[in-house]
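These are the residues of each chain, in order.
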Amino acid sequence: MKRLLFILTTILISFGSFAQAGAQPGKMPAGNMPPGGMPAGVTAQVYGKIVDSDGKPLPDVSVLLMRTTRDSTSKKSKDVLVSGLSTKANGDFNFADIPLGGPMKLKISSLEYTPIDQPVMFGMGGGLIKDLGNITLKKDIKQLANVTVTASKPLVRMDGEKKIFSVDKDLVSAGGTAIDVMKNVPSVQVDIDGNVTMRNAQPTLFLDGRPTTLTLDQIPANTIESIEVITNPSAKYDASGGNAGILNIVLKKNKKSGYNGTVQAGVDKYGAVSGGGDLSIRQQKFNFSISANLNQNKGRGEGNTTRDNFDQVPETSIFQTNTNRNNGQFMFGRVGFDYFATNRTTISVGAVKVRGEFKPNDFIATSVDSLYESGTTHGYYERTTTGTRVFNGTGLSMGLKQLFPKDGQELTADINYFGGKMESNSLYHTDYFAAKEGAITDYQEQKLASDGRNQFVTIQTDYVQPIKGKLKVETGLRAQLRATESNIYNYLINKGTGDFELVPDASTNYKNSDNVYAAYVSVSNTIKNFGYQLGLRAESSSYEGEKTNTGEKFTNQFPVSLFPSVSLNQKLKNDQQLQLSYSRRINRPNFFQLIPFTDYTDPLNITRGNPDLVPEFTQSMELTYSKTLPGNNSIMASTYYKYTDNLITRYQEIEYDNVLNRDVLVNSFINANNSRSFGIELTSINPLAKWWDMTTNVNLYNSKINTDDTKSASADDMWSVFAKWNNTFKMPKNFNIQLSGTFQSKTNLPISQNQGFGPPMMQAQSASQGYIKANYGIDIAIKKSFLKNNALSATLSFNDILRTRKMEQYSYNEYFTQNNYRVRDPQMVRLNLAYKFGKIDMSLFKKKNMKGGGGEGMQMDQ
C-alpha cells in the first residue's frame with residue numbers, strides 16, 4: 001500500500017507541474033544562422049498548427065512540404081515533394097531534419113476547406129527553426145456535396161518493434177470473435193480450442209495497450225481495428241509473458257469529425273446468430289463512441305483417446321470417445337468519451353460490459369480392458385455432463401494526455417479497472433455396464449458448484465522528454481493490483497437417501513492477491529542512419545493466497561528484478577534495414593496453476609495446482625533484416641533465440657488419495673530446469689497485382705525442455721515448421737475474395753499452455769513429454785458490396801473447408817502412453833451482413849445554422 005500511495009502521489013505531482021508548463025503559451029526559440037553561411041549537411045525544422053475559422057484545431061489535414069527547383073531540361077521552375085504528413089488530433093504538424101537548398105512552401109489541403117500555399121523562408125536572420133503559428137483554413141463553399149473516401153490500408157505493416165495487422169481487410173473473421181482474427185495474423189498460432197501461441201509459447205494479451213482479463217472469445221471481431229504483434233518487447237512494456245511477447249488488440253476509434261457507424265448481423269451453419277452495431281460522433285471538443293454486440297455459440301466437438309496405463313496392477317488399456325455440444329451466448333458492450341479540454345490536453349473515459357451464459361453438454365464413453373494371467377476382463381461406463389456457466393464483467397478506464405509546445409514532449413496517466421463474477425454448476429452422471437450395450441450395473445452422480453470473482457486494477461503514467469535532435473528519454477511508473485476468489489463445492493450422491501452430500505476434502509474456498517509494481521526508463525536516439533534504444537525496467541511482486549475453509553496460507557515475496565532491453569537499428573542502402581534486440585522478461589504462474597484445489601471430475605485424470613510455483617525468467621535475442629522491394633513488395637527475416645529458467649510445465653506423480661482411498665495419478669505443475677528455443681521466421685508482403693495481395697509467414701524453429709532434477713525424462717529437441725499464407729483478391733463488380741491457409745508440422749507440446757481445468761484426457765499431459773502431429777487447414781471467404789458507396793456488404797466465409805484442422809497429440813511418461821484426437825467446429829460456414837453509414841464535418845453541436853456552408857460527405861472506409 002505504501003508503494004501504491006507513492007506511485008499515485010508521484011503521478012499527481014508530475015502531472016501538476018507538467019500541466020502548468022504545458023499551459024503556458026510560447027514558441028521554441030528560433031535557431032541562428034551560423035557564421036559564414038550554411039555549411040553542407042545543415043538541416044532545418046518547421047512546425048505549426050492548422051485551425052478553422054473559429055480557432056479550433058483540425059486533425060488529419062494534408063500538409064506537403066515542397067521545394068522549388070529548376071528543371072535542367074525545360075529550364076522551367078517546378079515543385080518537388082520534400083516530405084508530407086497529416087496533422088495530429090490537436091492540429092499540430094512538424095517537419096524535422098529538412099535539408100536546405102532552394103525556396104520552399106507548404107501545400108495545405110483538407111476535405112471541405114480551401115487549400116492554401118504557405119511560403120517557408122530560412123536564413124537571412126530567419127533562423128533554422130520556424131514556428132509558423134496557427135494557420136487558418138476556410139470552408140470551401142464549392143466543395144462537392146458527396147465524397148467517397150476509398151483510402152486503403154495495407155494488410156500488414158511494420159512499425160519499429162511491432163508488426164501491425166489490419167483487421168478490416170480480414171474477410172474470414174467477419175461475424176466471429178478475436179479467435180477468428182488471430183488465425184490470419186502472422187506469427188500467431190491458434191489451436192482448435194482457441195489457445196494462442198507465438199513461436200510455440202503463450203503470449204501476454206493486451207487490450208488497447210494494457211493487460212486484460214478478457215479472453216479472445218469474449219471480444220467480437222468487428223470491434224477490432226488492428227492486432228499488434230510484439231515478439232521482443234522493450235523495457236517500456238510490462239515484463240510479464242516472457243516466453244512469447246505481447247499481442248495487443250487495438251479497438252476501433254473514430255478519428256474523423258462528424259459521425260459514422262455500422263450495423264451487422266450474421267448466422268453460422270449451426271444456427272448461432274451474431275449481431276450488433278457501433279456509432280461514433282466527433283465534433284469540436286467531443287468524441288463519443290458506443291458499440292454493442294451479441295454472439296451465440298452452438299459449437300460442437302468430438303474426439304477419442306487411447307491410453308495404456310503402466311501404474312496399475314494389472315495394467316489397463318483405455319479407449320475413450322468424447323462428444324460435446326455448447327449452447328450459449330456472449331454479450332459485449334463498450335462506450336467511450338474523449339474531451340479535448342485544450343489544444344494540448346485530452347481527457348478520456350470509457351467502460352466495457354460483458355456477460356456470457358453457456359450450457360455445455362458432454363458425453364464420454366470409456367472402455368477399460370485389463371489383462372490377467374487367467375484371461376481378460378472388460379469394463380464400460382458412460383458419463384453425461386450438463387451444466388450452466390455464467391460470467392459478468394465490468395471494465396472502467398480513465399486517461400489523461402498532456403502535450404507540450406516542444407514537439408514530442410508528452411505526459412500520459414491512466415487507470416484501468418476490470419472486475420467480474422462467475423458462477424458454474426455441473427452435474428456428472430455416470431452409468432456402469434457389465435459390457436458395452438449391456439445392462440446397467442451401477443451408477444454414480446457428482447455435482448460441482450462453484451462461484452468466484454476477480455478484480456484487476458492497473459495504474460500507469462508515462463512521460464516522454466525530447467533532449468536534442470532525435471535524442472529522447474521515456475520514463476514511467478506502473479502498479480498492477482489483482483485479487484481473485486474461488487469457491488468450489490464437490491458433492492456426491494448418497495444412493496440410500498438420494499441426496500447430494502458435500503465432500504469436504506474435495507472442496508475448497510480460496511482467495512489470493514497478486515501485486516506488481518514497476519518503473520522504467522528508456523533512452524533512444526538516431527544518428528544519421530543508426531538508431532538505438534536502451535531501456536531498464538524494475539519490477540517487484542508479491543503473492544498471497546489463503547484457503548479460507550481451512551485457514552491455510554501461502555505467501556511468496558519476490559524482490560526487485562531488473563529487466564534490461566537493447567535495440568539497435570541500422571538503415572542500409574536500397575531500402576534495407578537491420579535490427580538487433582535483446583530483452584529479459586518474466587512469466588508469473590496464473591491463478592489456476594497456483595490454486596491447490598484437486599479436481600476429481602475425471603477420476604482417470606485428477607488435476608491440482610501448485611501454490612509453491614515461482615516465476616520463470618526468459619532472455620531473448622532477435623536479429624531482423626527487412627527490405628522494401630520495387631512495387632511495394634517487402635520482406636522481413638528474423639532469427640531468434642530464447643532461454644528460460646524455472647520453466648513452468650505440467651507434471652504427473654502417483655500419490656495416495658484420501659478421498660478415493662487409493663493410489664492415483666495427479667496432474668500438477670512444477671518449475672522444470674530450463675528450456676531453450678531458436679528459429680528463423682520469414683514474412684513476405686507482396687502486392688502481386690492491383691487486384692491481388694499476398695502475405696506469407698514461415699517459422700522454422702527448434703525447442704527443448706530440460707527436466708533433469710525431476711522424475712520426468714527430458715524430451716528430445718525437435719525441428720518444426722509453422723506457415724501461414726493469405727491472399728486477397730479484388731474482383732470486378734465489387735467482389736472481394738480471401739483465401740488463406742495454415743500448416744503446422746510435428747511439434748513439441750506448447751509451454752505453459754494450460755489456463756484452467758477441463759477434461760484432462762483432452763489436454764496435453766506435460767509440455768516436456770510428447771508432441772503434436774502435423775495438421776493443416778484452408779479457409780475461404782467471399783465479400784460482395786452493394787448500394788451507393790458500397791454501404792452494404794455480405795460476406796460468406798468457409799473455415800477449414802477440407803476438415804483437416806484437427807488436434808492429434810501423443811504424450812507419455814513412466815506411467816502411461818496416450819494418443820488423443822480431437823476436432824472442433826470443422827467446415828464452419830458463416831454469413832455476415834454489414835451496413836456502414838456516416839457523415840463527416842457535420843456541425844452537430846453548433847447552435848447556429850451555417851449559411852452557404854460546404855457540403856456533407858459520406859465516410860466509407862473500404
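Residues numbered from 1 in each chain as written. Predicted model: local features only at pLDDT ≥ 70, side-chain atom pairs only at ≥ 80, totals over all residues. Heavy atoms only, no water.

**Student:** Account for the overall build of the protein, naming residues and giving values.
**Tutor:** Per the secondary structure count, the protein includes three helices and 50 strands. Within the protein, counting contacts between residues at least 6 apart in sequence, those at least 24 apart form 68% of the total. Carbon together with sulfur atoms contributes 56% to the accessible area of the protein, which is approximately 39,900 Å² in total. (Helix = DSSP H or I, 4+ residues; strand = E, 2+ residues; numbered from the N terminus. Contact = heavy atoms within 4.5 Å. Areas by Shrake-Rupley, 256 points an atom, 1.4 Å probe, with all protein chains shown as cover.)

**Student:** Let's hear about the packing of aromatic side chains: which residues, and what values?
**Tutor:** Tallying each qualifying case throughout the model produces 16 aromatic pairs. With a centroid separation of 6.3 Å and 50° between ring planes, the pair formed by Tyr510 and Phe554 is classed as tilted. Placement of the pair is Tyr510 in strand S29 (residues 508-527) and Phe554 in strand S31 (residues 552-572), with a sequence separation of 44 residues. A relative accessible area of 12% means that Phe554 is categorised as buried. (Phe/Tyr/Trp six-rings, centres within 6.5 Å; stacked < 30°, edge-to-face > 60°. Buried < 20%, exposed > 50% of the residue type's maximum accessible area, 1.4 Å probe, protein only.)

**Student:** So, the sheet that holds strand S1 (residues 43-51): which residues are in play, and what are the values?
**Tutor:** Spatially, S4-S1-S7 is the arrangement adopted by the three strands of the open sheet, whose pairing is mixed. The two strands at the open ends of the sheet, each matched to only one other strand, are strand S4 (92-99) and strand S7 (129-136). Strand-to-strand twist of the sheet, defined as the mean angle between neighbouring strand axes without regard to direction, takes the value 15°. By the bridge criterion, six bridges tie S1 to S4 in an arrangement that is antiparallel. Note on S4: the bridge partner recorded for Lys49 is Asp92. (Pairing = 2+ DSSP bridges. Axes fitted to C-alpha atoms, helices over the stretch in contact; angles between N-to-C directions.)

**Student:** Now, about unusual backbone geometry: what can you tell me, with residues and values included?
**Tutor:** Not every positive phi belongs to a glycine, and Arg803 is a case in point at roughly 55°. Given a relative accessible area of 38%, Arg803 falls into the partly exposed group. Even without a glycine there, the phi angle at Asp825 is positive, about 45°. Summarising the element assignment, Asp825 is placed in the loop between strand S48 (816-824) and strand S49 (828-840).

**Student:** How would you sum up the side chain of Asn326? Please name residues and give values.
**Tutor:** Counting through the fold element by element, Asn326 comes out in the loop between strand S20 (316-325) and strand S21 (328-340). You can call Asn326 buried: its relative accessible area is 19%. Setting aside its immediate chain neighbours within four residues, Asn326 contacts Asn297, Lys298, Gly299, Phe358, Lys359 and Pro360.

**Student:** Which residues make up the pairing of S29, and what are the values?
**Tutor:** Looking at chain direction, strand S27 (residues 471-493) and S29 are connected through 17 bridges and run antiparallel. When the bridges of S29 are listed, Val473 appears paired with Val523. As defined by bridge partners, S29 adjoins strand S30 (residues 530-547) across 18 bridges and the pair is classed as antiparallel. From the neighbouring strand, Lys511 faces S30, where its bridge partner is Glu546. Between the end of S29 and the start of S30, which pair antiparallel, lie two residues, with Lys528 showing a positive phi angle near 55°.

**Student:** Outline the environment of Phe563, supporting the account with residue identities and numerical values.
**Tutor:** On the secondary structure map, Phe563 appears in strand S31. With relative accessibility at 2%, the residue Phe563 sits in the buried group. In this structure, the C-alpha to C-alpha distance between Phe563 and Gly535, residues 28 residues apart in sequence, is 8.3 Å. The contacts of Phe563, once residues within four sequence positions are left out, are Ala235, Ala239, Gly535, Leu536, Arg537, Glu539, Arg584, Arg585, Ile586 and Phe617.

Read these as geometric descriptors, not functional statements.
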